Amino acid sequence: MKLGKVIGNVVCTQKVDSFQDIKLLLVQPLNEELEEIGDPVVACDTVQAGINDIVFYEGGREAALGLKNWFNPSDLTIMGIVDQVNIGE
Amino acid sequence: MILGRVVGNVVSTIKLPVYQGYKILVVQPVNDKEEPQGESVLALDTVQAGVGDTVLVIDEGNSSRLIMNNSTAPVRTMIVGIVDLIK
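Residues numbered from 1 in each chain as written. Chains lettered and ligands numbered in written order. Predicted model: local features only at pLDDT ≥ 70, side-chain atom pairs only at ≥ 80, totals over all residues.

**Student:** Just to check I follow, could you spell out the overall build of chain B for this structure?
**Tutor:** Summing up its helical and strand segments, chain B has one helix and five strands in all. Going residue by residue from the N terminus, the α and β elements of chain B occur as β-β-β-β-α-β. Computed over its C-alpha atoms, the radius of gyration of chain B comes to 13 Å, within 12% of the 12 Å expected for a compact globule of 87 residues. Projecting the C-alpha coordinates of chain B onto the three principal axes gives extents of approximately 35 × 25 × 20 Å. In chain B, buried positions account for 36% of the 87 residues. Sequence-distant contacts in chain B: of pairs separated by 6 or more residues, those separated by 24 or more amount to 54%. (Helix = DSSP H or I, 4+ residues; strand = E, 2+ residues; numbered from the N terminus. Rg over C-alpha atoms; globule rule 2.2 N^0.38 Å. Buried ≥ 20, exposed ≤ 12 C-beta atoms within 10 Å, placed from the backbone. Contact = placed C-beta atoms within 7 Å.)

As structure tokens, then:
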């Protein structure tokens, strides 16, 4: 799992059937200090995250398993909303 | 499996139900000399690891699902051991 910050949403009318009713969000990957790393990515949302929320997301096969209908082509899915990240003792 | 060091924890209230009851820790992968290597990842804890511990981490979905005894859990990264010694 990785940390990210929701920076926008993506509206998409024409999409594969298994993505119907799935919210797509633009996520900026973050490191553990909550500094931006790399380029933003698009992820499926399962937890009703909103803009500026810190979230954790999973990629690969697990991303597809995170959605209700498992037979979908998601390769990035938001699994939870982060309240707090504590680094160090 | 990879080696890592626990550097922090993550608090999350709203998450998929399958994650409930598991601690989420921030793990920095380390090499054989325990030097940091690459980007940190979040991992579910199954062995009550804490900050500063060197841990054994699996980064593979089927292994994690087997440990959780749930064939459809969307979980990949898990802490499965606390390392005492690397010789």
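**Student:** How should the sheet that holds strand β5 (residues 76–81) of chain A be read in this particular structure?
**Tutor:** As a general point, the strands of a sheet are linked pairwise by backbone hydrogen bonds and lie either parallel or antiparallel. Residues and elements named next belong to chain A. Around the barrel, five strands lie side by side as β1-β2-β3-β5-β4; this closed barrel has mixed pairing. For this sheet, the mean angle separating the axes of adjacent strands, direction not counted, is 55°. Bridging between strand β1 (residues 2–10) and strand β4 (residues 54–59) involves four bridges; their strand directions are antiparallel. Directly across from K5, in β4, lies its bridge partner I54. (Pairing = 2+ DSSP bridges. Axes fitted to C-alpha atoms, helices over the stretch in contact; angles between N-to-C directions.)

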